[in-house]
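Here are the chains, one letter per residue:
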Amino acid sequence: MSLLLINNIGQLLAVENQGRPYKRGLEMSDFPIIYNTWLLIEDGLIKEIGAENSEAPTVKNAIDAKGSVLLPTYVDSHSHLVYASNRQDEFAQRLDGLSYEEIAARGGGIINSANKLRAYSEDALFEDAHERLQELIKMGTGALEIKSGYGLDTDSELKMLRVARRLSSVSPVEIKTTFLGAHALPPEYKNDKEGYINLIIDEMLPEIANENLADFIDVFCEENYFSLEESLRILAAGKVYGLEAKVHVNQFNSLGAVSAMVNRGALSLDHLEVMTDEDLNSICKSNTIACLLPGCSHFLEIPYSPARTLVEKDAIIALATDFNPGSAPNGNMSTVLSLACIKMKLKPSEALIASTLNGAAAIDLSDKIGSIEVGKIANMMILKPKYTIESIPYHFGHDLIETVILKGEIQ
Ligand code: NIG
Ligand code: FE
């Protein structure tokens, strides 16, 4: 049995004692804080949380939090962490005035990444992604969703998912994987979309299920990518293998996908930058999580999702990085939290719940992580002295994290 005490905690944030999987709407700004307290970890799990102003037990192995804030580590519920090399050449084109869509239409974008990834070995992909993951841990990410979607053929999609599973086996970060074969149409199927969809359904999905490589399924439902009807077909095929839907929708256009996918019980709908009233009404009344990606809006200079309206209409909001080489080359959840406050007008407390508990719900892990609760995995971070939760959006881009603890181990 291994015990670790964290003593002298000034503020213990986002304690959630009722075992709820998420908070919705205005509840997101209401979370209990315990002042001047301590926390005991046993074998990687949260064993006991002290009462306010209480005396800590005597434990040999102890950390002095020096009166600082302790909060759960971030849950990044939407990332494309496994990729082969950057797309800085496209960034230069964007700075010269081309749009993301124009670059994609010239064979750049997702296809550019797929061409690069196909030529990469599994080991090289793993090494690169592992290095990025180590950086994310320092930035306070304790759980992460990773998508495929830069392979676009059976071998390469499986290669990506195997790399994600391998990362999970070596890292203390909790990792869930999502199959995104329908991310774009690969060049060899340029004139045969039906053929590619059949490849996804008849070949990729059975092989992925056979090796248990994915937890969820995703589709890029967007003009010039996959239509609503095509997306629903692919998601239905995934459901046969027990893969819940987490879907890229409404990034550039509203195709009516929000209500259709809410009605089919999607776990999360991600992006939601362009929202009609009908889209808003259908997701706000539902248990489908709205996963918002302000880093992508910032980087591509596209609209931000109407987060304030979503909160006021009682939606469940998660925030994530969308970390990928094309539309959001930044995996820092503190930056995302900051953008969410500055650009989407979330309150710091709402942004924190969206980045922790609700992110965990968006990858079906909120029974294990996402809040400081007895019995949950001891994933938490201590801020540098004197900073509060409001300091994270305020000092945008600064590193305010002193210590990261994952599964009870100091990182
Ligand atoms: O979430 N929109 C689709 N997929 C990614 C971007 C992929 C890329 O440009 O490489 C996104 O923004
Ligand atoms: Fe994405």
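Here, every reference points to the structure presented above.
This section reports on the structure supplied with the text. Please read all numbers here as calculations on a predicted model, not as lab measurements.

## Description of the site of ligand 1
In step 1: Near ligand 1 you find 15 residues, and of these Y100, Y150, H183, Q251 and S327 are the closest.
In step 2: One of the side-chain nitrogen or oxygen atoms of H183 is found 2.8 Å away from a nitrogen atom of ligand 1.
In step 3: At a separation of 2.6 Å, a nitrogen atom of ligand 1 approaches a polar side-chain atom of Q251.
In step 4: The protein chains hide 100% of the 320 Å² of surface that ligand 1 would expose on its own.
In step 5: Residues that form the shell around ligand 1 fall into these classes: four nonpolar, nine polar and two charged.

## Here's the deal with the sheet that holds strand β6 (residues 74-76)
In step 1: The strand order across the open sheet built from eight strands is β6-β7-β8-β9-β10-β11-β12-β13, with neighbouring strands paired in parallel fashion. The open sheet has two free edges, formed respectively by β6 and β13 (316-319), since each of these has just one partner strand. Going from strand to strand, the sheet's axes swing by 25° on average, the running direction of each strand aside.
In step 2: As paired strands, strand β12 (residues 289-292) and β13 are joined by four bridges and run parallel to one another. Bridge assignment links A290 to a residue of β13, and that residue is I317.

## Quick notes on the pattern of salt bridges
Pairs may arise between side chains of opposite charge once their charged atoms sit close together.
In step 1: According to the stated counting rule, one finds 19 salt bridges in the structure shown.
In step 2: E230 is paired through a salt bridge with K193; the nearest N and O atoms lie 2.7 Å apart. Residue E230 is located in helix α7 (residues 228-240), and its partner K193 is located in helix α6 (residues 193-210); the two are separated by 37 residues in the primary sequence.
In step 3: What emerges from the salt-bridge pattern is a single network uniting R118, D153 and E188.

## Considering a negative patch on the surface
In step 1: A cluster of acidic side chains, namely D155, D202, E203 and E207, defines a negative patch on the protein surface.
In step 2: Ranked by the residues each element gives to the negative patch, the list is headed by α6, at three residues.
In step 3: Within the element layout of this structure, D155 appears in helix α5 (residues 154-170).

## Concerning the packing of aromatic side chains
In step 1: On inspection of all chains with the given rule, the structure shows five aromatic pairs.
In step 2: Taking the centre distance of 5.5 Å and the plane angle of 50° together, the rings of Y189 and Y196 count as tilted.
In step 3: Summarising the aromatic geometry, the rings of F220 and Y225 are spaced 4.3 Å apart at their centres and angled 40° between planes, so their arrangement reads as tilted. Here F220 and Y225 have matching classes, each one buried.

## Section: the nonpolar core
The nonpolar side chains of a soluble globular protein tend to be buried with one another.
In step 1: Counting 118 residues, the largest nonpolar core has L167, M261, L269 and I283 as the members making the most contacts within it.
In step 2: With eight residues, the single largest contributor to this core is α6.
In step 3: Contacts of M261, omitting those with residues within four sequence positions, involve C221, L228, S231, L232, L235, V247, V249, A266 and L269.
In step 4: Listed in part, the 18 residues of the second largest apolar core include L4, I46, A65 and A378.

## Looking at the pairing of strand β9 (residues 216-221)
In step 1: Burial of β9 is extensive: six of the six residues sit out of reach of the surface.
In step 2: Residues of β9 alternate between two faces, with F216, D218 and F220 on one and I217, V219 and C221 on the opposite face, all of them buried.
In step 3: Summarising the sheet, strand β8 (residues 174-182) and β9 pair through three bridges and their orientation is parallel. If you follow A182 over to β9, its bridge partner there is V219.
In step 4: Tracing the backbone out of β8, into α6 and back to the parallel element β9 gives a crossover that is right-handed.
In step 5: Where β9 meets strand β10 (residues 244-249), four bridges bridge the pair, whose relative direction is parallel. Each residue of the ladder has a partner; that of F216, found in β10, is E244.

## Concerning unusual backbone geometry
In step 1: Non-glycine residue D43 carries a positive phi angle of around 50°.
In step 2: Looking at the element boundaries, D43 is found in the loop between β2 (34-42) and β3 (45-49).
In step 3: Phi at L272 takes a positive value of approximately 60°, unusual for a residue other than glycine.
In step 4: You can see L272 is positioned in the loop between β11 (268-271) and α9 (277-284).

## Concerning the coordination of the iron ion (ligand 2)
In step 1: Each protein donor to the iron ion (ligand 2) is listed here as H78 (NE2), H80 (NE2), H248 (NE2) and D322 (OD); together their distances run 2.1 to 2.2 Å.
In step 2: In the primary structure, the donors to the iron ion (ligand 2) are separated according to the pattern H-x1-H-x167-H-x73-D. Placement of H78 in the loop between β6 and α1 (88-95) and of D322 in the loop between β13 and α12 (333-344) is noted, with a sequence separation of 244 residues between them. Of the two residues examined, H78 and D322, each falls in the buried class.

Quick notes on the rules
- Residues numbered from 1 in each chain as written.
- Chains lettered and ligands numbered in written order.
- Predicted model: local features only at pLDDT ≥ 70, side-chain atom pairs only at ≥ 80, totals over all residues.
- Heavy atoms only, no water.
- Near = heavy atom within 4 Å.
- Polar contact = N/O pair within 3.5 Å; in protein donor to acceptor, adjacent residues only side chain to side chain.
- Areas by Shrake-Rupley, 256 points an atom, 1.4 Å probe, with all protein chains shown as cover.
- Nonpolar A, V, L, I, M, F, W, Y, C, P; charged D, E, K, R; others polar.
- Pairing = 2+ DSSP bridges.
- Helix = DSSP H or I, 4+ residues; strand = E, 2+ residues; numbered from the N terminus.
- Axes fitted to C-alpha atoms, helices over the stretch in contact; angles between N-to-C directions.
- Salt bridge = Lys/Arg side-chain N within 4 Å of Asp/Glu carboxyl O.
- Patch = residues over 30% accessible without salt bridge, like charges linked within 9 Å, V, L, I, M, F, W, Y side chains within 5 Å.
- Lys, Arg positive; Asp, Glu negative; His and termini not counted.
- Charge placed at Lys NZ, Arg CZ, Asp CG, Glu CD.
- Phe/Tyr/Trp six-rings, centres within 6.5 Å; stacked < 30°, edge-to-face > 60°.
- Buried < 20%, exposed > 50% of the residue type's maximum accessible area, 1.4 Å probe, protein only.
- Core = buried A, V, L, I, M, F, W, Y, C linked by side-chain atoms within 4.5 Å.
- Contact = heavy atoms within 4.5 Å.
- Right-handed = clockwise from strand over helix to strand, strands pointing away.
- Donors = N, O, S within 2.8 Å, 3.2 Å for Na, K, Ca; no water.

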